[in-house]
Amino acid sequence: MWSNQYVEAKFWTLSRVQRQSIGREMKAKGLRRDLWQKDFQDTRRFLLKYTHRRYELPINRAKRNLAYAKRFNAGPRLMVEYGVELSRQHYLDGSITIGKNVLLAKNVFVDYSGRVEIGDDVQLTNGVVIETHHHPFHSDFRQSRSVVIPTTLRICDGAVIGSRAIILSSCHYIGCHARIGAGAVVTKDVPDYAIVAGVPAKIIRIQASDE
């Protein structure tokens, strides 16, 4: 049991049964943290290896694509360029799934501290940033700044996100065949077939579907 929790729970005032119960709970929590930390470290080692530009050589590209697909639950025909980082933070049990025929272009960053679902035929172009957690904003020094809120994001089939666009945690849905302009900052959900651009991103028009 950690010392700060020992004090907060006033552990010395509790009965033997209560202490045992809290002890078991803390042990289980510690084991979960250990597993998370191991996965985090394994992911760091993975990214240090495969984000390197040496995997841009034609002979190594297929190896990188297969490695990312295996580690991050991706479908077939995943294409990954150099500098692509997918990670989670703050001991959050986030997850990521990636469909088939997806492009992760160079220097893409995906935070899956929350939950990220990427559909088929999605393109994340150069330098796209995706965030799925946030800290509540406040200016009161007496309040904790350690609160973390995970979120979810679904990117539907055929969506294209332009270079250096930023998808903030307040966006939970990017629709089928949507287009995000280069450099856009997306703060809200994007409907199917919508074209959005700007800071913050706004709908420019809705494309006609093929249906």
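Look up: the structure comes first, before these words.
Attention here is on the structure that accompanies the text. As the structure is a computational prediction, the values presented were derived from the model and not from experiment.

Let us look at the side chain of threonine 43. Along the chain, threonine 43 falls in helix α2 (residues 16–50). Classification of threonine 43 by relative accessible area gives buried; the value is 4%. In this structure, threonine 43 is in contact with Arg71, Phe72 and Leu86, ignoring residues within four places of it in sequence.

Going through the model one piece at a time under the given rule, you end up with seven salt bridges. Because the salt bridges share partners, they merge into one network encompassing Lys38, Asp42 and Arg45.

What follows covers helix α3 (residues 58–71). Taking 1.5 Å per residue, 14 residues should reach 20 Å; α3 reaches 21 Å between its end C-alpha atoms and fits that length. Restricting attention to buried positions, one finds in α3 the residues Asn60, Arg64, Asn65, Ala67, Tyr68 and Ala69. Of the residues flanking the end of α3, it is asparagine 73, one or two places downstream, whose phi is positive at about 55 degrees.

Reading the values: the criteria
- Residues numbered from 1 in each chain as written.
- Predicted model: local features only at pLDDT ≥ 70, side-chain atom pairs only at ≥ 80, totals over all residues.
- Heavy atoms only, no water.
- Helix = DSSP H or I, 4+ residues; strand = E, 2+ residues; numbered from the N terminus.
- Buried < 20%, exposed > 50% of the residue type's maximum accessible area, 1.4 Å probe, protein only.
- Contact = heavy atoms within 4.5 Å.
- Salt bridge = Lys/Arg side-chain N within 4 Å of Asp/Glu carboxyl O.
- Expected span 1.5 Å × (residues − 1).

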